Amino acid sequence: MAHLRSLDGRQRLRLMFILLMLCATAVGAATRDPAQYFFDSTFGDFAEELATARDEGKKGILLMFEMDECPFCHRMKTTVLNQPEVQDYYKEHFMIFPVDIEGDVEIHDFTGTAMAQKDFALKTHRVRATPVFAFFDLDGNLVARYTGATGDATEFMWLGEYVVQERYKDVTFPAYKRERQAAAK
């Protein structure tokens, strides 16, 4: 402590800057790129991806309908989908793919029908706002859908648990979330 008092103002500022940089580096090291650690690679054949999900013992497929200019999609990627705990949990239970709601890239839906990503999003799933997280079971049936960004990583984890535990069969996600909030108190 005596050494700190002997530093002049400039030296103290330099030390504070170094400490802040170390803290920022430590925080940054706790996250991982969602493009690499959250999303799976695909050639856009979701019927084939269903077969892979079955073979790997997954609960289903998660599609994130997004678009480049979406600030809520960006927030999800930089504050939630980049968290190792979120990535590990979701990768254990789901195959996960992004779908560009403005995309012209051809995909094949769960029945094998070919169409552009934007048609799959708008015409097949009526996605008009982003992000939309759509969970499909191993037969390609939509079992849960969440529109918008979650409040934080905890809420997104609850959404995953809601689907994994198949609570969508007996309760809405808002009711499930209230249960979890009450249990956390």
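In the block above lies the structure referred to throughout.
Here the structure is a predicted model, which is why all the values come from computation and not from measurement.

1. Focus on the overall build of the protein
Regarding its fold elements, the protein presents nine helices and six strands. Contacts in the protein between residues far apart in sequence, at least 24 positions, make up 63% of those at least 6 positions apart. Accessible surface, the protein: about 10800 Å² in total, of which carbon and sulfur atoms supply 55%.

2. Quick word on the sheet that holds strand S1 (residues 60-66)
Strand order in this open sheet of four strands is S2-S1-S5-S6, and the pairing throughout is mixed. Two strands lie at the open edges of the sheet, namely strand S2 (94-100) and strand S6 (142-147), each paired on one side alone. Between one strand axis and the next, the sheet turns by 20° as a mean value, whatever way the strands run. Of the pairings in the sheet, the one linking S1 to strand S5 (residues 132-136) comprises five bridges and is antiparallel in character. The residue of S5 that forms the bridge with phenylalanine 65 is valine 132.

3. Some points on the environment of tryptophan 158
Relative to the helices and strands, tryptophan 158 resides in helix H8 (residues 153-164). With relative accessibility at 11%, the residue tryptophan 158 sits in the buried group. Spatially, the C-alpha atom of tryptophan 158 lies 8.8 Å from that of phenylalanine 173, the residues being 15 residues apart in sequence. Among all residues touching tryptophan 158, those that are not within four sequence positions of it are Phe173, Tyr176, Lys177, Arg180 and Gln181.

4. Some points on the pairing of S6
Judged from the five bridges that link them, S5 and S6 form a sheet pairing that is antiparallel. Residue pairing for S6: phenylalanine 136 is matched across the bridge by leucine 142. Between S5 and S6, which pair antiparallel in sequence order, lie five residues; one of them, glycine 140, sits at a positive phi of approximately 85°.

5. Considerations on helix H4 (residues 46-55)
Phe46, Glu49, Leu50 and Ala53 are the residues of H4 that are buried. For H4, the angular spread of the buried residues around the axis is 105°, confining them to a single face. Residues of H4 that are buried in the fold lie against S1, S2, strand S3 (106-108) and helix H7 (117-124). Among the residues of H4, the N-terminal cap falls to aspartate 45, whose side-chain oxygen and the backbone nitrogen of alanine 47 are separated by 3.2 Å. Glycine 57 sits one or two residues past H4 and shows a positive phi near 70°.

Rules used throughout
Residues numbered from 1 in each chain as written. Predicted model: local features only at pLDDT ≥ 70, side-chain atom pairs only at ≥ 80, totals over all residues. Heavy atoms only, no water. Helix = DSSP H or I, 4+ residues; strand = E, 2+ residues; numbered from the N terminus. Contact = heavy atoms within 4.5 Å. Areas by Shrake-Rupley, 256 points an atom, 1.4 Å probe, with all protein chains shown as cover. Pairing = 2+ DSSP bridges. Axes fitted to C-alpha atoms, helices over the stretch in contact; angles between N-to-C directions. Buried < 20%, exposed > 50% of the residue type's maximum accessible area, 1.4 Å probe, protein only. Arc of directions from axis to C-beta. Polar contact = N/O pair within 3.5 Å; in protein donor to acceptor, adjacent residues only side chain to side chain.

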